[in-house]
Amino acid sequence: MSSPPSDRPWLTVLLTCLPEFSARPALDALIRSGGRGQVVLLLCEEAERESMTVLGRDMVRCGNLRAFRCQCPQAGQNLWHVRNAASALVRTPWLLLLSSSVLLQENALPPLRRALETHRDLVGVNPFFLYPAGTGQPPAGSDKPLHMGVAAPRIAHMGTVVDYLGQMHYLYEGLPLGHTLARRERRFQLAHTAALLLRTADVAAAGGFNPSLDSLADADFCLRLGALLRQTAGGGAAGAFGSIPGSVARLGYYFDSWQICGLWNSLLQRERIEPGVLHPDYAAHVAADGLDYGCTDWLWQGP
């Protein structure tokens, strides 16, 4: 289904619909973030196709989207099969991977697009991800971690770094959004695929996702995109992905780092992943910020 012709869309959004998060809030947030008039391919289970199609038709009819289509897995397929099938349908120059667990904040998309247009040595960009709504700094004297309070918004993810043991961490997790350290554009080896803007041509050149890797498919995809950038543009030495301070999104999960970093670190400790797959860069980020060490609110209040 599509709306009458108007300005040509620049973006196709591959929106993964997770069972515990409705697609409607994520779609509404997408419109407010700068995604009005763009194309959405919704990745959902077959049982959700009818209701999601009705939702998409309504959004196209009122002009919020240019086009909308549901893409569902076939028998024996997983999320990454569906992403690959949907990616093959994209005809716009830009592609946004998005999860229904993420709410892009107002005007989050324009800074991401500008960053990729400006920096040919980047292959993809993330917003800064905040903790879920209602979390921030705890009341004075509270013994709760900083991210469990209700005042100032705090950053859950501004980039993934690697220590000398090869383990993943979220850089300065729990940092206040207005902190000086949150004003820099940074480069990383891996991106967060819950909201990741990419060039469509790069996705095609990298060959998409490897479905056989299941939960490690996203990391593998990022590493192959980084290798492609080094081969074709000679960039990416400091990291192929950037986090853009002027763009913000809100996560739906409180313990996002535990899910993503925890899986990698567990496999690393069990020698299921080679330690040298990612090069250590945690200390380099900390040193570049003029600090002697870096930590998160899980250990101490601020870096």
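Coordinates for the structure precede this section.
About the cut-offs
Residues numbered from 1 in each chain as written. Predicted model: local features only at pLDDT ≥ 70, side-chain atom pairs only at ≥ 80, totals over all residues. Heavy atoms only, no water. Salt bridge = Lys/Arg side-chain N within 4 Å of Asp/Glu carboxyl O. Buried < 20%, exposed > 50% of the residue type's maximum accessible area, 1.4 Å probe, protein only. Helix = DSSP H or I, 4+ residues; strand = E, 2+ residues; numbered from the N terminus. Contact = heavy atoms within 4.5 Å. Polar contact = N/O pair within 3.5 Å; in protein donor to acceptor, adjacent residues only side chain to side chain. Pairing = 2+ DSSP bridges. Axes fitted to C-alpha atoms, helices over the stretch in contact; angles between N-to-C directions. Parallel < 35°, antiparallel > 145°, perpendicular 65-115°, else oblique. Left-handed = near helix turned anticlockwise from the far one by under 90°. Nonpolar A, V, L, I, M, F, W, Y, C, P; charged D, E, K, R; others polar.

Caption draft 1: Examining the pattern of salt bridges more closely. Following the criterion strictly, the structure yields 10 salt bridges and no others. R49 is paired through a salt bridge with E46; the nearest N and O atoms lie 2.9 Å apart. Take R49: its relative accessible area is 29%, and that puts it in the partly exposed class. Here R113 makes a salt bridge to E117, at a shortest N to O gap of 3.1 Å. With R113 and E117 both in helix 4 (residues 109–118) and 4 residues apart, the pair spans about one turn of that helix. A network of salt bridges, in which partner residues are shared, links R184, R186 and D289.

Caption draft 2: Representation of the environment of A219 in the model. If you trace the backbone, A219 turns up in helix 6 (residues 217–232). Spatially, the C-alpha atom of A219 lies 9.3 Å from that of W264, the residues being 45 residues apart in sequence. The contact partners of A219, leaving out residues within four places of it in the chain, are L190 and W264.

Caption draft 3: Examining the side chain of T200 more closely. Position of T200 among the secondary structure elements: in helix 5 (residues 200–206). Here the side chain of T200 touches W94 through a polar contact of 3.5 Å, landing on its backbone nitrogen. Ignoring sequence-local partners within four residues, the contact set of T200 consists of V90, T92, P93, W94 and L95.

Caption draft 4: The arrangement of the environment of G207 in detail. Following the sequence through the fold, G207 ends up in the loop between helix 5 and helix 6. Considering only alpha carbons, one finds G207 and N84, 123 residues apart in sequence, at a separation of 8.6 Å.

Caption draft 5: Molecular detail of the pairing of strand 11 (residues 195–199). Buried residues dominate strand 11, accounting for 5 of its 5 residues. Taking every second residue as pointing to the same face, both faces of strand 11 are buried, with A195, L197 and R199 on one and L196 and L198 on the other. Where strand 6 (residues 124–130) and strand 11 come together, 2 bridges link them in antiparallel fashion. Within strand 11, the residue paired with G124 across the bridge is L198.

Caption draft 6: Quick look at the packing of helix 1 (residues 23–35) against helix 2 (residues 49–61). Between helix 1 and helix 2, the least distance of the axes is 11 Å, while the angle of their chain directions is 20 degrees. The pairing of helix 1 with helix 2 is recorded here as roughly parallel in orientation. Once helix 1 is placed against helix 2, the crossing between them reads as right-handed. Mapping the contact onto sequence places A23, R24, L27, D28 and I31 in helix 1 and M52, L55 and M59 in helix 2. Taken together, the residues that form the contact of helix 1 with helix 2 break down as 6 nonpolar, no polar and 2 charged.

Caption draft 7: Fine view of the environment of R183. In this fold, R183 is placed in the loop between strand 9 (168–170) and strand 10 (186–188). Residue classification places R183 among the exposed residues on the basis of a relative accessible area of 60%. Along the backbone, R183 and G246 are 63 residues apart, and their C-alpha atoms lie at a distance of 8.3 Å. If we ignore the near neighbours within four places in the chain, the residues touching R183 are G178 and P245. A distance of 3.2 Å separates a polar atom in the side chain of R183 from the backbone oxygen of G178.

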